[in-house]
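Structural description and commentary
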Amino acid sequence: MILRSARRLREPGLVDVRVDDGRIVAVAPAGSVPTDDPQGELDLAGRVLLPGFVESHLHLDKAWLGGPPGGAGLAEAIAWTARRKAQFTVADVAERAGRVAELAVAHGTTSVRAHTEVDPGVGLTGVLGVLEVAERLAGRLRVQIAVFPQEGLACRPGTSALVREALRLPGTVVGGCPYVEATPDDARAHVETVLDLAVEHGVPADLHLDLADGVDDPRFLLAEHVARATAERGLQGRVAIGHVTTLAALGRDQRARVLDRLAAAQVAVTLLPATDLHLSGRHDERDVRRGVAPVRDLWAAGVRTALSSNNVRNAFTPTGRADLLDIALLAARVGHVSEQHELDLLVDAVSTVPAALLDVGEPVGLVPGARADLVVLDTTDADAILLDQPARHLVLKAGTVVGGAVVAGTAAAVPAGTTRKAGVPAVTS
Ligand SMILES: [Zn+2]
């Protein structure tokens, strides 16, 4: 397949992109790639072409559960969800997870890291439900499961064995949640255990970390510990931490020190603004804290920074459409972002940065060798992607059209290898 006349982020001029066997094999000035099969070409007519969006931190298993009246803080949300988990069945998880996964594809997402809870209460029910969706959507959406002990390891006996069991399933990586442990020592041990499992299984690690309004509780100040433990194990580039809202509460100098350590250990930070805004500052009577790590400080320190939805319509996040352009715009608004090069970095934060977290060491972006996971936006203005939130014109997974406005509502019926000429009227409202 050849995608003709594509516009890229940051780059002047249009290009043709040749795709072979699911990967990009050439990117060249428009018109310079010879035609060998006119039926296998798509004319993008100057529309913006981006690498497919990647949700590196999304909870499919507990999506669409709703939440308690009046909303909840972190502890209440965990407790409320624990009660709902007791009623989970594989079919129920697969139904809710599938709904969100379909939304994600429609919005241009081509890969998801699904943080999926395991504990003696829910067992592997969530994992099996998400696996069912992964199999059902294979070829349209890649789902990598991060096995996630939301209720702790030391404080929830029996969970470690379940984590190990789930890590034997294909396509799984290891997640963590140290702040729920009873003591700072247990929280640090939780970090060590998760990173040891990453080494043992040869997989990346992705921890929920430091999700608090303030800096009083040492269980929520573990970013430097993670950086140190990552470097000690040679896991540089293979560890991500999500939330890290206490970065917003630290003084500027202390924040700079923590960010330097994260950058040196190549620990990535995933910001989850839709959740962090909802959970933070609930008990502040004045100067209400909004709990989102300052993204411009992360960039200035050289910390790889991703953005993700985290949750869709549950006790942690009552909003959401699994639309990463929406999340990136939210991050711009809450992060004092205004300059064009910063808006472009937010696009990276929902595409190339999280892609490198899921597939460490693989080429990412619109470059030869990268997977042809792509999204075409219905705009010719690459500078206004976040501001305009354009429709997703086409979504391609491994070079095959799997979604987008052109095929709205019929993505599942599009046979493998089908190509569509750009310019077909969009059928969505
Ligand atoms: Zn999460």
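Residues numbered from 1 in each chain as written. Predicted model: local features only at pLDDT ≥ 70, side-chain atom pairs only at ≥ 80, totals over all residues. Heavy atoms only, no water.

Only His-57 (NE2), His-59 (NE2), His-208 (NE2) and Asn-310 (OD1) from the protein coordinate the zinc ion, and they sit 2.1 to 2.2 Å from it. One can describe the donor arrangement at the zinc ion as irregular, given that its 4 donor atoms subtend angles of 84 to 172° at the metal. Along the chain, the residues donating to the zinc ion are arranged with the sequence spacing H-x1-H-x148-H-x101-N. Here His-208 is found in strand β10 (residues 205-209), whereas its partner Asn-310 is found in the loop between β13 (305-307) and α10 (324-334), with 102 residues between them in sequence. The two residues His-208 and Asn-310 agree in class, both being buried. (Donors = N, O, S within 2.8 Å, 3.2 Å for Na, K, Ca; no water. Tetrahedral: all angles 85-135°; square planar, octahedral: opposite > 155°, others 65-115°. Helix = DSSP H or I, 4+ residues; strand = E, 2+ residues; numbered from the N terminus. Buried < 20%, exposed > 50% of the residue type's maximum accessible area, 1.4 Å probe, protein only.)

Looking now at the nonpolar core. Leu-50, Leu-60, Val-174, Ile-241, Leu-262, Leu-307 and Leu-346 are the most contacted members of the largest nonpolar core, which has 109 residues in total. The element that contributes the greatest number of residues to this core is helix α2 (residues 90-106), accounting for 7 residues. Here this core gathers at least three residues from each of two domains, domain 1 (2-46 + 366-413) and domain 2 (53-358). Val-15, Ile-24, Leu-42 and Leu-366 belong to the second-largest nonpolar core, a separate cluster that totals 17 residues. (Core = buried A, V, L, I, M, F, W, Y, C linked by side-chain atoms within 4.5 Å. Domains from an automatic or database assignment.)

Before going further, it helps to examine the environment of Leu-330. Of note, Leu-330 is situated in helix α10. For Leu-330, a relative accessible area of 25% translates into the label partly exposed. Along the chain, Leu-330 and Pro-273 lie 57 residues apart, while their C-alpha atoms are 7.1 Å from each other. Among all residues touching Leu-330, those that are not within four sequence positions of it are Pro-273, Ala-274 and Leu-277. (Contact = heavy atoms within 4.5 Å.)

With that settled, consider the packing of α2 against helix α3 (residues 125-136). To characterise two packed helices, one gives the angle between the axes of the helices and the distance between these axes. Here α2 crosses α3 at 45°, and the two axes come no closer than 8 Å. With respect to their mutual orientation, α2 and α3 come out oblique. Of the two possible hands of crossing, α2 and α3 adopt the one that is right-handed. Of α3, the residues touching α2 (which contributes Val-90, Val-93, Ala-94, Ala-97, Gly-98, Ala-101 and Glu-102) are Thr-125, Gly-126, Leu-128, Gly-129, Val-130, Glu-132, Val-133 and Arg-136. Partitioning the contact of α2 with α3 into residue classes produces 8 nonpolar, 4 polar and 3 charged. (Axes fitted to C-alpha atoms, helices over the stretch in contact; angles between N-to-C directions. Parallel < 35°, antiparallel > 145°, perpendicular 65-115°, else oblique. Left-handed = near helix turned anticlockwise from the far one by under 90°. Nonpolar A, V, L, I, M, F, W, Y, C, P; charged D, E, K, R; others polar.)

Looking now at the confidence of the model for the chain. Averaged over all residues, the pLDDT of the chain is 93; the fraction at 70 or higher stands at 95%. Under a pLDDT of 50 for its full length, residues 409-429 has, in the predicted model, 32 contacts with residues more than four places off or in other chains. (pLDDT = per-residue confidence, 0-100.)

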